[in-house]
Structures are given as structure tokens and as C-alpha cells.
Amino acid sequence: MVHWSAQEKQLIANIWGKLSVEECGAEALARLLIVYPWTQRFFDNFGNLSSPTAILGNPRVRAHGKKVLTSFGEAIKNLDNLKGTYSRLSELHCDKLHVDPENFRLLGDVLLIVLATHLTKDFTPACQATWQKLVGAVAHALARQYH
Amino acid sequence: MLTCEDKKLIQQIWGKLCGAEEEVGAEALWRMFQSYPATKTYFPHFDMTPGSEQIHCHGKKVVVALGNGIKNIDNLSQALAELSNLHAYNLRVDPTHFSLQFLAQCLQVVLATRLGKEFTPEVHAAMDKYMSAVASVLAEKYR
């Protein structure tokens, strides 16, 4: 189980409070598909992904990005039980979606860059360290049920 | 593979750092040490306190080298040949989980905090590709 200090929990809550889940989620997923185009393999039925502009404007990308980040919010509410929180989703990503867990790491890194562009200097080194730990812990929980 | 458009974007963005190389490099290193503590194992001789002179100097060195790579982006292998030797034979930074990827992430976070919306998805993609290319070149001679 991951241990979170009071300061880390505070940094997580502060940053989360400043985010638009819809906007940041959409942007994070779009950037994943743009910066790492092979990740598009999981979204064949999403329609037009032919250019960065198309991806950024794609309503299915936006909706799915929002869904993903909303789920992230659940992690934040349950920092002391990430394994339990993500158990079902982990099975889903393994058994039905067949997603290589490496992709969770990529999305985590991209999310942090989205936070950095929005928060600029408020995204301090301490914030980044806490959030890198968070995305790492979520990625780990999502890979937990793989077999 | 870096396209012409990628190269243009990289050169543009790098141009905006003019004069701030030391700061950007130092901050990227500092963030890397905070977010990925294992990277500190390569610097046991460093003063790791905030504002450390060593981190500043080394950060500047790294960013200047990256800048040199960008100036010679069509011949990266040759431009970074010496650094490639250094990393392979002396420094031997783990190339599989190439710790460079942690530096790449932190450098991009620093660029993103400084440039905000200007660090567009297209710029992000181009920089990520460039850092990947640099890591490849640096790992070329490992074995």
C-alpha cells in the first residue's frame, strides 16, 4: 500500500481543486493520441484521428478523456485503497481492452504536462513529485489484476 | 522520425529559452531528483540542496548540449558522438529504463510551465521525439 504524507494529500487536493476535469481529461487523452500515435490502436472506432486538430476536436476523444479523468478523481478520494478502487477497471483493461500497462505510464506523464501548461509556475517541483507518484500509483493499481 | 515541421517547431521553442538555459537546466534536474529519487544515484558527489551550484552548472551543461543537438539536428549522431561515448563507457546511465526518459519528462514539464498554452500538442510531440532521438544516440554504444 502506498503511503501518502499530509503534505502530499494537500498538494493533490489543491491541484485537483483547480482543474476542469472535462477540459484536462480531453486534452490529456488528445495529447496521448498525438504525441504517441500508436496509442490510437485502441480507438479505431473513434472516427477522425487524422491530425492533431482532428483529434483535439473529436467529440469521442473529449468524452472519453473526461471519463478517464473522472475515474482518476475516484483514486484521489481513495488514496489509501487504490488497489480496491481500480480492481474492476484493471480486469477490464486486461481482459476486454487488452491495453499494455505501459500506456498507463504514458498517459500519466502526458497528464502532468497538461497540468504544467495550465498551472505554469504553480506546478512546482513538489507538486510534480507528488503527482508523478500519484500517476505511478494509479498505473500500478490498473496493472494489478493483469494475468 | 523528425519531420521538417518537427524541426521547425523545436528550433522555435528552443529559441524562446535564450538566456535562460542555466535556469531551465537546473530546474529540470532538480525536478528529476525530486520526482525520481533513483536518478540521484548517478550524482553521489553532488550537493543536493535547493539552489546547489553543482546542479546549476550541470543543468546548464545539459541544456547547452541539447541546444547543440538542435543546431545539428540533421546529424545528431555525430554532434553528440562524444557524449555518446561518455554515457556508454564512463557514466553508464541505465539505458533500458533509460533514466534519460525521466530527464525528458522533467524538461518538458519545465518547458510547459514556462510556455503554458504555447507548449501545444504539436510542440510537445516534436520535443518528445527529439528527446527520444537524443536518448537513442546516447545509448548507441552501450553494447
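This text follows the structure it describes.
Computed from a predicted model, the values in this text were never measured in an experiment. (Residues numbered from 1 in each chain as written. Chains lettered and ligands numbered in written order. Predicted model: local features only at pLDDT ≥ 70, side-chain atom pairs only at ≥ 80, totals over all residues. Heavy atoms only, no water.)

1. Looking at the interface of chain A and chain B
Thinking step 1. Contact residues are listed per partner, giving 22 residues for chain A and 21 residues for chain B.
Thinking step 2. In total, chain A and chain B occlude about 1800 Å² of area from one another, counting both sides; carbon and sulfur atoms represent 58% of this.
Thinking step 3. On the surface where chain A and chain B come into contact, there are zero salt bridges.
Thinking step 4. At the boundary of chain A with chain B, the tally comes to 10 residue pairs in polar contact (both at pLDDT 80 or more).
Thinking step 5. Where the side of chain A that touches chain B is concerned, the elements lending two or more residues are helix H2 (21-35), helix H3 (52-57), helix H6 (102-119) and helix H7 (125-143) of chain A.
Thinking step 6. For the side of chain A that touches chain B, the element with the highest residue contribution is H6 of chain A, accounting for eight residues.
Thinking step 7. When its residues are assigned to classes, the side of chain A that touches chain B shows 12 nonpolar, six polar and four charged. (Contact = heavy atoms within 4.5 Å. Buried area = accessible area lost by both parts, 1.4 Å probe. Salt bridge = Lys/Arg side-chain N within 4 Å of Asp/Glu carboxyl O. Polar contact = N/O pair within 3.5 Å; in protein donor to acceptor, adjacent residues only side chain to side chain. Helix = DSSP H or I, 4+ residues; strand = E, 2+ residues; numbered from the N terminus. Nonpolar A, V, L, I, M, F, W, Y, C, P; charged D, E, K, R; others polar.)

2. Description of the side chain of Gln132 of chain A
Thinking step 1. Residue placement: Gln132 of chain A occurs in helix H7.
Thinking step 2. Accessibility expressed as a relative area gives 7% for Gln132 of chain A, which makes it buried.
Thinking step 3. When near neighbours in sequence (up to four residues on either side) are disregarded, Gln132 of chain A contacts Asp109 and Leu112 of chain A together with Ser35, Tyr36 and Gln105 of chain B. (Buried < 20%, exposed > 50% of the residue type's maximum accessible area, 1.4 Å probe, protein only.)

3. Structural notes on the packing of H2 of chain A against helix H7 (residues 121-139) of chain B
Thinking step 1. At a closest axis distance of 9 Å, the pairing of H2 of chain A and H7 of chain B adopts a crossing angle of 45 degrees. Taken together, the axes of H2 of chain A and H7 of chain B lie oblique to each other. The element H2 of chain A and its partner H7 of chain B pack so that their crossing is right-handed. Residues Arg31, Ile34 and Val35 of chain A of H2 of chain A form the contact with H7 of chain B, whose participating residues are Pro121, His124, Ala125 and Asp128 of chain B.
Thinking step 2. Of the residues belonging to the contact of H2 of chain A with H7 of chain B, the class tally is four nonpolar, one polar and two charged. (Axes fitted to C-alpha atoms, helices over the stretch in contact; angles between N-to-C directions. Parallel < 35°, antiparallel > 145°, perpendicular 65-115°, else oblique. Left-handed = near helix turned anticlockwise from the far one by under 90°.)

4. Observations concerning the packing of aromatic side chains
Residue and element names in this part refer to chain A.
Thinking step 1. Under the criterion given, the structure shown has nine aromatic pairs over all chains.
Thinking step 2. With a centroid separation of 6.2 Å and 15 degrees between ring planes, the pair formed by Phe72 and Trp131 is classed as stacked. Of this pair, Phe72 sits in helix H4 (residues 59-77) while Trp131 sits in helix H7, and the two are 59 residues apart along the sequence. For the pair formed by Phe72 and Trp131, the shared burial category is buried.
Thinking step 3. Stacked on the ring of Trp4, the Lys or Arg Lys133 has its end atom at 4.8 Å from the ring centre. (Phe/Tyr/Trp six-rings, centres within 6.5 Å; stacked < 30°, edge-to-face > 60°. Lys NZ or Arg CZ within 6 Å of the ring centre and 35° of its normal.)

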